[in-house]
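# Examination of the molecular architecture
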Number of protein chains: 4
Amino acid sequence: MQLGLIGLGKMGGNMRERIRRAGHTVIGYDRNPEVSDVKSLAELVEKLDAPRHVWVMVPAGTATQTVIDELGDLLEPGDTVIDGGNSRWTDDEKHAAALGIKGIGFVDAGVSGGVWGLENGYALMVGGDKQHVEPLKPIFEALKPEGPYGYVHAGRVGAGHFSKMVHNGIEYAMMQAYAEGWELLEKVHSVENVREVFRSWQEGTVIRSWLLDLAVNALDEDEHLEKLRGYAEDSGEGRWTVEAAIDNAVPLPAITASLFARFASRQDDSPQMKMIAALRNQFGGHAVEKKD
Amino acid sequence: MQLGLIGLGKMGGNMRERIRRAGHTVIGYDRNPEVSDVKSLAELVEKLDAPRHVWVMVPAGTATQTVIDELGDLLEPGDTVIDGGNSRWTDDEKHAAALGIKGIGFVDAGVSGGVWGLENGYALMVGGDKQHVEPLKPIFEALKPEGPYGYVHAGRVGAGHFSKMVHNGIEYAMMQAYAEGWELLEKVHSVENVREVFRSWQEGTVIRSWLLDLAVNALDEDEHLEKLRGYAEDSGEGRWTVEAAIDNAVPLPAITASLFARFASRQDDSPQMKMIAALRNQFGGHAVEKKD
Amino acid sequence: MQLGLIGLGKMGGNMRERIRRAGHTVIGYDRNPEVSDVKSLAELVEKLDAPRHVWVMVPAGTATQTVIDELGDLLEPGDTVIDGGNSRWTDDEKHAAALGIKGIGFVDAGVSGGVWGLENGYALMVGGDKQHVEPLKPIFEALKPEGPYGYVHAGRVGAGHFSKMVHNGIEYAMMQAYAEGWELLEKVHSVENVREVFRSWQEGTVIRSWLLDLAVNALDEDEHLEKLRGYAEDSGEGRWTVEAAIDNAVPLPAITASLFARFASRQDDSPQMKMIAALRNQFGGHAVEKKD
Amino acid sequence: MQLGLIGLGKMGGNMRERIRRAGHTVIGYDRNPEVSDVKSLAELVEKLDAPRHVWVMVPAGTATQTVIDELGDLLEPGDTVIDGGNSRWTDDEKHAAALGIKGIGFVDAGVSGGVWGLENGYALMVGGDKQHVEPLKPIFEALKPEGPYGYVHAGRVGAGHFSKMVHNGIEYAMMQAYAEGWELLEKVHSVENVREVFRSWQEGTVIRSWLLDLAVNALDEDEHLEKLRGYAEDSGEGRWTVEAAIDNAVPLPAITASLFARFASRQDDSPQMKMIAALRNQFGGHAVEKKD
């Protein structure tokens, strides 16, 4: 089948390749003319037969909003827009409503797979009405990993991004779990081969996982991670997971602790610990460390 | 080779079977005469050729202490005791010292694999001197999963149990990660197929793992876990992990949160939340819920 | 001076009384005619001399929005609206902008004091432009406790509610601190007089505070809090504090833990701990507790 | 009455002064001859009339153990030792048993008050048998603050130190509460006078406390705490509180978070966050920050 694909960066570019390998026609658009198949969104829309399917794969927020607004003007009733970016699930309903007024369908797709997706396939979590989701099945089949897993129609509009967001929240806490264990093992003297302990865990243990395999890869490149700083960005979905938990009065202590650990990692000096130091000094005369 | 194996319960019984399948001779002892090969520890020791290797697989704490004390009296210089139970790493040095005085070697082995070990093999984390560990290689080979993983000589005496303890600490936080994500997904209305979302994650995602596979198994048996109470025991190793972290001034927020969540799950009513309710009532006249 | 006061519930009613005691004229409006001085907002506005000052003291959210919208229609350029409710700080800018178009000033005031305010005074945290805040000084003086504390012009529009929100976030964690300590003391056998331990802390300790005094009051009424359930509501400001922290990438582990403990206290059974129980059963054959 | 007092440092020296001001006789011993009243423990014991009361005020651990061992040899049946240091509660039973064999009584006293104690009095939490505690009442009266608070006979041997330990655990979380709130206020732009917000809270608010007063003092000295590093030591009692919680399966999320925040504040670079950075790089190609 035909697909329009907007955004041909690290993710979108590989997705175009994987869908084409499955025998489908992809017309890709990117602001970078070197990778783009067409010169404009208008040209992309023109080249597709109706009913059109246009997959948006650009950064969440303003960029996605702008593209969806433009598509709302260019597309026709019966066409469908798929948002495959990392949009906040609360944006999905707004997009579905705005496009719906014009008779254009909307599907949200959470996509996991990172740099490994071209080879292994992309896991897809999809939200939307059945009538909009079903016709896209050949594309989802092309993108997903082989075998019975890696694709789910999770529910209504928003359910795809919500599921992907929770996936990332879980990912935060799993990474934190390995990271905490690694730091503790590196700290004690009796354990002399922490990297080999991690490697041994790859089979037969309760904690074997793909993330553990990646941890071993990282330790093979740099046994004590001496080349790295303990500095971790966060991409938004961990924050949204905690916000969704607050909205729903669900306690998420491990995921939230993982998010906060990243926040703290980016502070050169911790303001709150200055206050702790100041208070200890006030009541107990405890020494404080002065700035140079 | 020959091995004495003390403790033939859920773990020990299956381990005897797996070692025998590999062609070794195992003489097992258990207080339960129905499963025991010999009538006493003395008989077990008598039946083994020197230098003897005796693997202790009984509950951590008093039971392990008692068996090791008895073996200290029965064994001879050049023999080796392996503690494969879930002992606290701090006990290992004591055991090694007490046996060492008598010329008996000591090796600690953390064993992972649970009820799946007979089939898939047991992951082994081993601590001890090379001279005591090396001769046991054929036994470790028999127990471990096939392939390059599942066995490590982690370091000195204590390193095996310490590594296994950290493994369990990581396990706590990974389980908590999936559990938090599952609760949040079950709570929101847009996501209509939480079980299928979990199933889809088994391929192509960052969070695929053996624990995730088990979660899907559990949801296949009881889609919303309605038959279960939200009640979780803890077996000691999570506690020790946090204690080790405190000893070493290592922050473990996610693992500790996971342990505390289990503590709270076992309280019919939370004393600390009574105090919160009482204080809210005191300063704000907020309503409190009375006991019936 | 003259003040219009809308909302004469637990808080507003006492505030009217305290302002009147200071010699000012308060015209109060409430939907409940038994406590109201006038029959409608229109009548309230009519009875005030320009420039008017109208203090809104109704529940945050829809109720506050409705009243402010109505006041926008009734008031005149040069008048000022004060929102003294527990509004989210993000609403303040919207209100200030909507009223500002009409030449009406807006001031946000976080008010603390609860049922003790009539007697002790209300602590006030105020946000807004100096030109709108200054003329209200006599009212703030009347409401605040005697002495040098209890009033601050915290900053721009929104700063009052933001400061009050953070006050409440701190309050959550302080209450949690005492609650955790109390539970631990109640649990150990050597400490036989937990209530008296708390009482003794009221002087000479680092942790003496008004909340501690209230805890002792509560324990005097019910030594082991046996009449209460461990169930705690939350009023929104704790949630907003965590959301503000996430927006600003500030780690708030203690305040967030306090919020999550309240969420958990309201669950009859914990879904996430069902998943933990299910996983433990899957990999280790550990017993689970079934629902009856 | 007469008291022997061992250890005349910051705490002990001021306590000697306060007890003397109340009209009692204190014979003090310190290794530093400039502040000591006698040349040796033996001389101190010799100068006291039987039954003797000897208060030990030296660092917890080895120093306290050594002094108590020596007193066990020097004192006579009927005498009493008071440990006023910050000993772990688990040491108290050992000390009571060792002295008890010799007919010497033992009382444990948790002492709070820091550098302010000489002026304001010391809060005392005492554990031990009534027969040993009662005769010491005049000393406790001299040390404690005036008024009805500041002294409690908390329970059996160990209850004094346990109560003091929990006091310090609560203190950790209260300090963390103010510190988190302060950091958040400093971060947002609308709040222009964070120090004045804190000052205003000193009356009429739910969170007024002595620690808040100290926070204001600290901010008066250095409004944004720019002279300090965000580095906080911990003195042992926070760690023991968490360990006691683990022993008793009591969840202490806020206190533990406060302890972990201090651990993290002392790390130049976080090993666990290196692992997070490494994993993000492995699966997503996310950039990492390299060490220079």
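Residues numbered from 1 in each chain as written. Chains lettered and ligands numbered in written order. Predicted model: local features only at pLDDT ≥ 70, side-chain atom pairs only at ≥ 80, totals over all residues. Heavy atoms only, no water.

Of the regular secondary structure elements, chain A holds 13 helices and seven strands. Projected onto its principal axes, the C-alpha coordinates of chain A cover approximately 75 × 45 × 40 Å. Buried residues in chain A amount to 63% of all 292 residues. Within chain A, contacts between residues separated by at least 24 positions form 64% of all contacts whose residues are at least 6 apart in sequence. Of the side chains in chain A, 30 bear a positive and 44 a negative charge, and the two mean positions are spaced by 2 Å. (Helix = DSSP H or I, 4+ residues; strand = E, 2+ residues; numbered from the N terminus. Buried < 20%, exposed > 50% of the residue type's maximum accessible area, 1.4 Å probe, protein only. Contact = heavy atoms within 4.5 Å. Lys, Arg positive; Asp, Glu negative; His and termini not counted. Charge placed at Lys NZ, Arg CZ, Asp CG, Glu CD.)

This next bit is on the sheet that holds strand S5 (residues 105-112) of chain C. All names here are of chain C. With respect to topology, seven strands assemble into an open sheet ordered S2-S1-S3-S4-S5-S6-S7, the strand pairing being mixed. Pairing within the sheet leaves two strands with one partner each, and these edge strands are strand S2 (25-29) and strand S7 (151-155). Between one strand axis and the next, the sheet turns by 25° as a mean value, whatever way the strands run. In this fold helix H4 (residues 89-101) packs onto strand S4 (80-83) and S5, with an angle of close to 150° to the strand it touches most, S5. This element, helix H8 (residues 159-187), spans S4, S5, strand S6 (123-127) and S7 of the sheet and lies at about 15° to S5. (Pairing = 2+ DSSP bridges. Axes fitted to C-alpha atoms, helices over the stretch in contact; angles between N-to-C directions.)

What follows covers the relation of the copies chain C and chain D. When chain C is fitted to chain D, the best match, at an RMSD of 0.1 Å, comes from turning it 180° and sliding it 0.0 Å along the axis. Between the two chains, the operation in question is that of a two-fold axis. The share of interface residues of chain C whose copies in chain D are also at the interface is 100%, consistent with both copies meeting through the same surface. (Least-squares fit on C-alpha atoms with pLDDT ≥ 70 in both.)

With that settled, the discussion passes to helix H4 (residues 89-100) of chain B. Residues and elements named next belong to chain B. In this model, H4 (twelve residues) spans 17 Å end to end at C-alpha, consistent with the 16 Å of a helix rising 1.5 Å per residue. Of the residues making up H4, those classed as buried are Trp-89, Asp-91, Asp-92, His-95, Ala-96 and Leu-99. The buried residues of H4 all sit within an arc of 135° when viewed along its axis, so they share a single face. Projecting away from the buried face of H4 at angles above 90 degrees are the exposed residues Glu-93 and Lys-94. On its buried face, H4 is in contact with helix H3 (62-74), strand S4 (80-83), strand S5 (105-112), helix H8 (159-187) and helix H11 (237-247). (Expected span 1.5 Å × (residues − 1). Arc of directions from axis to C-beta.)

Here we take up the environment of Glu-226 of chain B. Along the chain, Glu-226 of chain B turns up in the loop between helix H10 (210-221) and H11. Its relative accessible area of 54% is what places Glu-226 of chain B among the exposed residues. A C-alpha to C-alpha distance of 19 Å links Glu-226 of chain B and Asp-213 of chain B, two positions 13 residues apart in sequence. If we ignore the near neighbours within four places in the chain, the residues touching Glu-226 of chain B are Lys-274 and Lys-291 of chain C.

A word on the packing of H8 of chain C against helix H10 (residues 210-221) of chain C. All names here are of chain C. Running from N to C, H8 and H10 cross one another at 45°; their axes reach a closest spacing of 10 Å. Relative to H10, the element H8 lies oblique. Note that H8 runs across H10; the crossing there is right-handed. Residues Met-174, Met-175, Tyr-178 and Trp-182 of H8 form the contact with H10, whose own contacting residues are Leu-211, Leu-212 and Leu-219. Tallied by class, the residues present in the contact of H8 with H10 amount to seven nonpolar, no polar and no charged. (Parallel < 35°, antiparallel > 145°, perpendicular 65-115°, else oblique. Left-handed = near helix turned anticlockwise from the far one by under 90°. Nonpolar A, V, L, I, M, F, W, Y, C, P; charged D, E, K, R; others polar.)

This paragraph deals with the domain arrangement of chain A. All names here are of chain A. Taken domain by domain, chain A comprises domain 1 (2-157) and domain 2 (166-268). Here domain 1 and domain 2 have C-alpha centroids that lie 31 Å from each other. Carbon and sulfur atoms make up 63% of the area that domain 1 and domain 2 hide from each other, which totals about 660 Å². Considering only the surface of domain 1 that becomes buried against domain 2, Arg-88, Trp-89 and Trp-116 emerge as the three largest contributors, covering 62% of it. Across the pair Arg-88 and Glu-243 runs a salt bridge whose closest N-O atoms are separated by 2.3 Å. Put simply, domain 1 and domain 2 have one residue pair in polar contact (both at pLDDT 80 or more) between them. In terms of residue class, the side of domain 1 that touches domain 2 is made up of three nonpolar, three polar and one charged. (Domains from an automatic or database assignment. Buried area = accessible area lost by both parts, 1.4 Å probe. Salt bridge = Lys/Arg side-chain N within 4 Å of Asp/Glu carboxyl O. Polar contact = N/O pair within 3.5 Å; in protein donor to acceptor, adjacent residues only side chain to side chain.)

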